[in-house]
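Chains, contacts and geometry: an overview
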Amino acid sequence: MWTLQRIESLAPDASSIKAARGLADPRHWSGLGQHGEVLWGLCQGSGKEPYRTHADLAKPTFGCSCPSSKFPCKHALGLLMLWGGRPALLPEAAPPSWVADAKDKRDRPAVMRQPKTTPPDPEAQARRAAQRAGRVAEGTAFLGQWLRDLMRAGLSGAPALPDKHWNDAAARLVDTQTPGLARMVRRIPELLGLPDWQLRVAEHLGRVHLLLEGYGRIEQLPPDMQAEIRTRLGWPQNQQELMTRRGLPGPWCVVGQRQFEDDNLKTLRTWLWSAQGESALLLDFAVGNQVLFNPFSAGAWYEVELVYFEGVGRQRALLKSLPVPTSGPAPQGMDGVGRFLRGYAEELARNPWLESFPALLSGLVPGETSGTLVDGAGQVLPFWPASRHWKLAALGGGSPTTVFGEWDGHRLRPLVAWGDGRAWSLEAEWTN
Amino acid sequence: VDELMGRLMAGTQRVSGPWKSGLFAGLQGTPEEQLLSATALGSVSALAGQLPPSALPLAQDTAEDPTPLAREETLAEMLGGEHRELLPEWLGLCKTRGRRVPPFYLPALLTVGVRDRTLRPAIAAVAGKRALWLARRNPEWKFLLSQDEDLEIWETGSGTVRAEWLAGLRRREPERARELLQQTWATESADDRARMLESFEHGLSARDQDFVEAAATDRSKLVRRVAARLLIYLPGTTAQRQWIERVRSWVQLRRESRWMGLSKSTKLEVHLPAERPEDPEQLLSADNTMMGEKAWWLGHAVALSPLWIWEGSPEEWIDAARASDWQLPMQWGWGVATVRERNVLWARALLERQSSGEELWMLLPHAEREQMLLQRMGDLPPKWLAWHKPYSEAAAQRLYEFLLQRTRVRWEPNVSRNLAQVLPDLALVVPPKVPLMTWPDDTSAWSYWSPRVEQFLSRLHFRQRMHEEMK
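Residues numbered from 1 in each chain as written. Chains lettered and ligands numbered in written order. Predicted model: local features only at pLDDT ≥ 70, side-chain atom pairs only at ≥ 80, totals over all residues. Heavy atoms only, no water.

Side note on the interface of chain A and chain B
Selection criterion: In this description, contact between two residues means that some pair of their heavy atoms is separated by no more than 4.5 Å. As used here, buried area is the combined drop in accessible area, with a 1.4 Å probe, of two parts when they are placed together. Think of a salt bridge as a Lys or Arg side-chain nitrogen and an Asp or Glu carboxyl oxygen that are within 4 Å of each other. Polar contact is the term for a pair of N or O atoms within 3.5 Å; when the atoms are in protein, one must be able to donate a hydrogen and the other to accept it, and sequence-neighboring residues count only if both atoms are side-chain atoms. For the purposes of this entry, the term helix denotes a DSSP run of H or I that reaches at least four residues, the term strand denotes a run of E that reaches at least two, and both are numbered from the N terminus. Under the convention adopted here, Pro, Cys and the residues Ala, Val, Leu, Ile, Met, Phe, Trp and Tyr are nonpolar, Asp, Glu, Lys and Arg are charged, and Gly plus all remaining residues are polar.
With 61 residues of chain A at the contact, the number on the chain B side is 59 residues. Interface of chain A and chain B: buried area, both sides summed, is about 5,100 Å²; carbon and sulfur atoms make up 67% of it. Summed over the shared surface of chain A and chain B, the result is two salt bridges. Across the pair Glu-32 of chain B and Arg-152 of chain A runs a salt bridge whose closest N-O atoms are separated by 3.3 Å. Taken together, chain A and chain B are joined by 18 residue pairs in polar contact (both at pLDDT 80 or more). The set of elements that each furnish at least two residues to the side of chain A that touches chain B consists of α2 (14-23), α5 (122-153), α8 (197-216), α11 (337-350), β13 (357-366), α12 (388-396) and β18 (422-425) of chain A. Counting residues per element, the side of chain A that touches chain B draws most heavily on α8 of chain A, at ten residues. The class makeup of the residues in the side of chain A that touches chain B is 28 nonpolar, 20 polar and 13 charged.

Printed below as a string of structure tokens:
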């Protein structure tokens, strides 16, 4: 379903949405048409020649002859909005030649990457792998020594250390092709800002240490643990190869989404849940002006095939097919905070680096104190941001509610709640 | 864990040696390696071993609310900051369609109500029972609960807020407003007394006389001035009688019959005293530069006088004034009195004779205003177009034709700019439907028009979505 919301989620910024709304009006357009999932039209701009705008919903990709550097431009978004509101304005027709030409040139798949056809050179691959292993060994050795130095000095002085102390180490770890370790080091100053930083930093350093230790004896570990450790260090997994594996068919329910931006890098996290209670996490990234494509809406079910990344347990996954909307009931969550925490402990025993654990819980009621959810037995799950307390209270009116969120071991970040017959996203802009 | 945290904070350079805790006793390696292993072991087991605390959940809302929920896409956008100015219209629509706000949006909407008092009644009307349940739990939203929220403003509000509130009450229940003010009169500051007494010009009656007369001897000059004015409005008071005598001695209409009654002429005769007249409460104070000092006395004198003293038809008086040197003060004064007395006859006569002003214009009955729009759209000041509301389909159609014509012609700095400026406001008063029309975007003037037209269309488009959503 192409809802307005979904079209707007493609926009690179708010002003594009505004401009596109103005253009979603037939008086700006001529030569409109559609064929299959391709839409096109001529949009009269300020110049004499109208802009040639087209969109391919299947990918989705967009093209426009306007000089805008934004992608998609307001004309493409406007075309989509026009079509979304009144599809009949775009008659079924054969695409004009400029659409076909532009399509060949500009097609940019956003969801699926087609496997490359050129066969890999095994020798070159082996050489690159050996090179990388050498760099990584340097990185892990450096970080091991760095950690021991930190142990010798103690943590009491850590909050007073300048940013440079952490940044230098992180930069070194990027150089050694261990971006995962670099990220872990950069996380330390963030944790130092928390009120319970002693515990949080200890926990984090413990995990770094386990990772280094694990890498030191990686040959003796089972394959899934090896993959987990390599990925945590920052080894990319071969997504093309993953895509050739057999996928796990749906239907899947989108139980939560969260988008954030960090240094020009946009990340979209999408949590899926199956009727059998399996979960999967999709990650999408976009740099700069790139568009984060979000084909999902919270609470909806999709027929889609997934492939899990390699590692301990099953969490991160890739889409192997395009999601097709289908229908389904509100997903059934787990009852009881105690049971949930035991499940988390079990998963933690398998994978000590677990950062974000999906929590789909039923029967929760906001507590008398802000920032708490209480189950039927009176057991508490703390959550943040506390501003979501009243939204949850308003939705459920104190009756047991199903909530999905990300559990970081300390607090839940609730993303979606069910009530009044549908799912409500707690992440929407206006709610904060 | 305490031992672990202690060692971790201090570092191995200060604390090392054998561990006391059995959990860590068997660790191997250098002191640093031991500490790292202990950290990993201790913190992961602490995370895995946590037991949830207990607490009380919120009490359940047991009230049934059969009112169906409104669709909320546009509401969500407005709460996110888009087209916030249309929120009152959305709330009104929601109420007339018999819907209520989906509970999920209540916290955001009630928070709007916390900041904006004027929206509270509209919010309360569509918030449903869940909102009452919420308001009982969050003191910020208690405004929904107070039966007589109004009285609370009166009792606890600040000066201007109370004065505004009292003015509203005075329009609805003049008696009650007076009784309330009498109770606190002695303790109000002079500024507040004057401010609050101002609103008594609405619904003024003989029952207010004692109170106003007492105020006319107030120790504050400000209050005395307001009271003196009110006494002039009060029928049958000495103050009014004296005032009318004075104004009539200044301004007269001389009707002459010429040519044996075949032709009549009326002439405005103005005889102002050479010296500034006695004016203890400074009702005629001359602090205006638009008119000369004498003209300004005259204007004030006319503004303060009841309209009934001008015997004959308004047209006769206004035309005579227009033929005299005193058009400006006379017409200004009549305008003020007309709005105060809500006199349609005078409003009509004044509007037809170059007076302007939203309040005068809105005194005309809707059908009459619309008729005037249809006939004289091009002659009316553009502001009037935006003051009129709501537009019928026919009037809107005429307006769009007019806009097309005006956007097509050359940009006339004064005429065009005034129209362009009210364009976004016009989007609020026309029927909520984007007109299908081709704007002349190939003219040289288009770059001036286009931002305003964009605003106009964007607002109208949003209103259209709102209304479609509520169908």
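Back to the write-up after that little detour.
Observations regarding the sheet that holds strand β4 (residues 61-64) of chain A
All names here are of chain A. The cut-off we apply is this: Strand pairing is defined by DSSP finding a minimum of two bridges between the two strands. Helix axes are fitted only over the stretch in contact, all axes being lines through C-alpha atoms; the angle between N-to-C directions runs from 0 to 180 degrees.
Strand order across the open sheet formed by four strands is β1-β2-β3-β4, with antiparallel pairing between neighbours. Whereas interior strands pair on both sides, the edge strands pair on one side only; in this sheet they are β1 (29-35) and β4. Each neighbouring strand pair of the sheet contributes to a mean axis angle of 10 degrees, computed without reference to strand direction. Two elements, β1 and strand β2 (residues 38-43), share five bridges in a ladder whose sense is antiparallel. Among the inter-strand pairings, Gln-34 is bridged to a residue of β2, identified as Leu-39.

Side note on the sheet that holds strand β9 (residues 306-308) of chain A
Residues and elements named next belong to chain A. Ordered by their spatial adjacency, seven strands build an open sheet running β9-β10-β7-β6-β5-β8-β11, and the pairing between neighbours is mixed. Where the open sheet ends on each side, the last strands, each with one partner, are β9 and β11 (324-326). When the angles between neighbouring strand axes are averaged without regard to direction, this sheet yields 45 degrees. When strand β5 (residues 252-262) meets strand β8 (residues 301-303), the two strands line up antiparallel, connected through two bridges. Across the sheet, Cys-253 pairs through a bridge with Trp-301, a residue of β8.

Here's the deal with the nonpolar core
Soluble globular proteins tend to pack their nonpolar side chains together in the buried interior. Residues and elements named next belong to chain B. Using the following cut-off: Take the buried Ala, Val, Leu, Ile, Met, Phe, Trp, Tyr and Cys residues and link them wherever side-chain atoms come within 4.5 Å; each set so joined is a nonpolar core. We call a residue buried when its accessible area falls under 20% of the maximum for its residue type, exposed when it is over 50%, and partly exposed in between, using a 1.4 Å probe and counting protein chains only.
Ranked by internal contacts, the top residues of the largest apolar core, which has 97 residues, are Leu-197, Trp-310, Trp-334, Leu-385, Tyr-391 and Leu-426. If we skip the residues at most four places from it in the chain, Leu-197 touches Leu-181, Trp-185, Phe-211, Ala-215, Val-223, Val-226, Ala-227 and Leu-230. Residues Leu-93, Leu-109, Trp-141 and Phe-462 belong to the second largest nonpolar core, which totals 61 residues.

Section: helix α23 (residues 413-426) of chain B
Structural remark: α-helix, 3.6 residues per turn; residues separated by three or four positions point the same way. As a reminder of what qualifies: Here the expected span of a helix is defined as 1.5 Å times the quantity of residues minus one.
The terminal C-alpha atoms of α23 of chain B, which comprises 14 residues, lie 20 Å apart, in line with the 20 Å expected from a rise of 1.5 Å per residue. Looking at the buried residues of α23 of chain B, the elements they touch are α21 (382-387), α22 (393-408) and α24 (446-469) of chain B.

Observations concerning the confidence of the model for chain A
For the record, the criterion: On a range of 0 to 100, pLDDT expresses the predictor's confidence in each residue.
Averaged over chain A, the pLDDT score is 87; the fraction of residues at 70 or greater is 93%. Taken as a whole, residues 106-116 of chain A scores under 50 in pLDDT and shows 26 contacts with residues more than four places along the chain or in a different chain.

Topic: the pattern of salt bridges
Per the counting criterion, the structure on display carries 42 salt bridges over all chains. Between Glu-278 of chain A and Arg-314 of chain A there is a salt bridge, and its shortest N-O distance comes to 3.5 Å. Pair noted here: Glu-278 of chain A is in the loop between β6 (265-274) and β7 (279-287) and Arg-314 of chain A is in the loop between β9 and β10 (316-319), with a separation of 36 residues, a long-range link. A salt bridge links Arg-353 of chain B to Asp-319 of chain B; the nearest nitrogen and oxygen atoms lie 2.7 Å apart.

Description of empty space enclosed by the protein
To keep things clear, this is the line we draw: Buried and open spaces are told apart on a 1 Å grid over the protein atoms alone, a cavity being a set of points where a 1.4 Å probe fits but cannot get out and a pocket being an open set with protein on both sides within 12 Å along at least five of seven lines. Residues with an atom within 4 Å of a point are the lining residues. Grid points are joined across faces, edges and corners, and a volume is the space filled by probe spheres set on the points.
A full pass over the atoms with the stated rule returns two cavities of 30 Å³ or more. Considering only enclosed or pocket space, the largest cavity measures out at about 110 Å³ in volume. Taken together, Arg-21, Gly-22, Asp-25 and Arg-27 of chain A together with His-83, Val-434, Leu-457, Ser-458, His-461, Phe-462 and Arg-465 of chain B make up the full set of residues lining the largest cavity. Of all the secondary structure elements, the ones that give two or more residues to the lining of the largest cavity are α2 of chain A together with α24 of chain B. For the lining of the largest cavity, the element with the highest residue contribution is α24 of chain B, accounting for five residues. In terms of residue class, the lining of the second largest cavity is built from six nonpolar, two polar and one charged.

A look at a nonpolar patch on the surface
All names here are of chain A. We count it as follows: By definition, no residue in a patch forms a salt bridge, and every one has over 30% relative accessible area; like charges are joined within 9 Å, nonpolar side chains (Val, Leu, Ile, Met, Phe, Trp, Tyr) within 5 Å. Areas reported here follow the Shrake-Rupley algorithm with a probe of radius 1.4 Å; residue values treat only the protein chains shown as occluding.
A cluster of nonpolar residues, Leu-265, Phe-285 and Val-287, forms a patch on the protein surface that exposes about 250 Å² of accessible area. The residue Phe-285 is located in strand β7 in this model. Look at Phe-285 and you get partly exposed, because its relative accessible area is 44%.

Re unusual backbone geometry
A cis amide bond links Gly-250 of chain A with the next residue in sequence, Pro-251 of chain A, at an omega value of 0 degrees. Mapped onto the fold, Pro-251 of chain A is located in the loop between α10 (239-243) and β5. Cis geometry is adopted by the peptide bond preceding Pro-385 of chain A, which originates at Trp-384 of chain A and carries an omega value of -10 degrees. Mapped onto the elements of the fold, Pro-385 of chain A is located in the loop between β15 (380-382) and α12. A positive phi angle, close to 45 degrees, is found at His-83 of chain B, a residue other than glycine. Relative to the assigned elements, His-83 of chain B resides in the loop between α3 (73-79) and α4 (87-96). Among the residues examined, His-83 of chain B registers a relative accessible area of 15% and is labelled buried. Even without glycine at this site, Arg-342 of chain B takes up a positive phi of about 50 degrees. Positionally, Arg-342 of chain B belongs in the loop between α17 (327-341) and α18 (344-351).

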